[in-house]
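Single-letter residue listing:
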Amino acid sequence: TDTTTVVGGSRFAAIPAQRVLDTRNGFGAIPDGGIASVSFADSLGLGVTAVVANFTVASANRLSYLTVWPGGAGQPLASDLNYTAGDTVANLVIAKLGSGAFNFYNAFGGPQLVIDVSGYYGPVALPA
C-alpha cells in the first residue's frame, strides 16, 4: 500500500543484487529433508519485513522441491522451486521475514543453493 492509507503497509526498495548464500562455497549441498535458516541484520533499523531474492538450485540429483517461509512460522505445503535431476532452476521469491529470518526446506536429493537478494520491503512512513 502507499502512504494514502491510514492502515500503513510496506514499500519496496530495490538494491544491487547481493549474494547472501552459495552452498557451493563451503556450506555443502542441502540434504534430504534439510531445513536451514537465513537471518538478516536490519542494522539501520528500517523495519524490513520481507526480502526479494532469486533462489537458484544447481546440481540437483533428484526430482524435488524447495519451500521458503518466515522464521518462527510453520512450514507451508506450497513449494517455491520445483526441479528434476540435472536441473539448474531459478525463481524469484518474496520471502517474508519472521524474527528477522526465513527458512528453506529441500525435500529430496542434495542440490546446491544460491540466494541473491535484490530488494526488500519495509514499513511505509505515514504522514503526520
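Quick note: structure is the one above.
Residues numbered from 1 in each chain as written. Predicted model: local features only at pLDDT ≥ 70, side-chain atom pairs only at ≥ 80, totals over all residues. Heavy atoms only, no water.

*Asks:* Give me the lowdown on the overall build of the protein chain, citing residues and values where you can.
*Replies:* Broken down by element type, the protein chain carries zero helices and eight strands. Split into buried and exposed, the 128 residues of the protein chain put 37% on the buried side. Considering only contacts in the protein chain between residues 6 or more positions apart, those separated by 24 or more positions represent 82%. (Helix = DSSP H or I, 4+ residues; strand = E, 2+ residues; numbered from the N terminus. Buried < 20%, exposed > 50% of the residue type's maximum accessible area, 1.4 Å probe, protein only. Contact = heavy atoms within 4.5 Å.)

*Asks:* Quick one: what's the story with the environment of Ala17, residue by residue and with numbers?
*Replies:* Along the chain, the position of Ala17 falls in strand β1 (residues 10-22). Residue Ala17 is classed as exposed on the basis of its relative accessible area, which comes to 61%. Apart from residues lying up to four places away in sequence, Ala17 is in contact with Val117 and Ser118.

*Asks:* Give a description of the side chain of Asn106 that names residues and reports values.
*Replies:* As for its position among the elements, Asn106 is in strand β7 (residues 101-106). A polar contact of 3.0 Å, which involves the side chain of Asn106, links it to the backbone oxygen of Gly109. (Polar contact = N/O pair within 3.5 Å; in protein donor to acceptor, adjacent residues only side chain to side chain.)

*Asks:* Pulling in residues and values, what's your account of the sheet that holds β1?
*Replies:* Sheets are built from strands paired through backbone hydrogen bonds, the pairs being either parallel or antiparallel. Taken together, four strands build an open sheet; the order of strands is β1-β8-β3-β6 and the sheet is antiparallel. Only two strands of the sheet have a single neighbouring strand rather than two, namely β1 and β6 (89-96). Within the sheet, the average angular offset between the axes of one strand and its neighbour, ignoring direction, is 20°. In this structure, β1 lies alongside strand β8 (residues 112-123), joined through nine bridges in antiparallel fashion. When the bridges of β8 are listed, Arg19 appears paired with Asp116. (Pairing = 2+ DSSP bridges. Axes fitted to C-alpha atoms, helices over the stretch in contact; angles between N-to-C directions.)

*Asks:* Could you give me a rundown of the packing of aromatic side chains, with the residues and numbers involved?
*Replies:* Per the counting criterion, the structure on display carries four aromatic pairs. Each ring, one from Phe12 and one from Tyr121, has its centre 5.3 Å from the other, and the planes form 55°; the classification is tilted. Linking Phe12 in strand β1 with Tyr121 in strand β8, this pair joins segments that are 109 residues apart in sequence. Put simply, the rings of Phe40, Phe55 and Phe102 touch in pairs and so form one group of aromatic residues. (Phe/Tyr/Trp six-rings, centres within 6.5 Å; stacked < 30°, edge-to-face > 60°.)

*Asks:* Lay out the side chain of Asn103 with the relevant residues and their values.
*Replies:* With respect to the element layout, Asn103 can be found in strand β7. At 3.3 Å, the side chain of Asn103 and the side chain of Ser37 are in polar contact. If we ignore the near neighbours within four places in the chain, the residues touching Asn103 are Ala36, Ser37, Thr67, Val68, Trp69, Pro70, Gly71 and Gly72.

*Asks:* An account of the nonpolar core is requested, with residue identities and associated values reported.
*Replies:* Residues Phe55, Leu66, Val68, Phe102, Phe104, Leu113 and Ile115 are the most contacted members of the largest nonpolar core, which totals 21 residues. The contacts of Leu66, once residues within four sequence positions are left out, are Phe55, Ser79, Asp80, Leu81, Tyr83, Phe104, Tyr105, Asn106 and Leu113. (Core = buried A, V, L, I, M, F, W, Y, C linked by side-chain atoms within 4.5 Å.)

*Asks:* Let's hear about the sheet that holds strand β4 (residues 64-70): which residues, and what values?
*Replies:* With respect to topology, four strands assemble into an open sheet ordered β2-β7-β4-β5, the strand pairing being antiparallel. Whereas interior strands pair on both sides, the edge strands pair on one side only; in this sheet they are β2 (34-39) and β5 (81-83). Each strand axis lies, on average, 20° off the axis of its neighbour in the sheet, ignoring direction. The pairing of β2 with β7 spans six bridges and is classified as antiparallel. Each bridged residue has a counterpart across the sheet, and for Ala36 the counterpart in β7 is Phe104.

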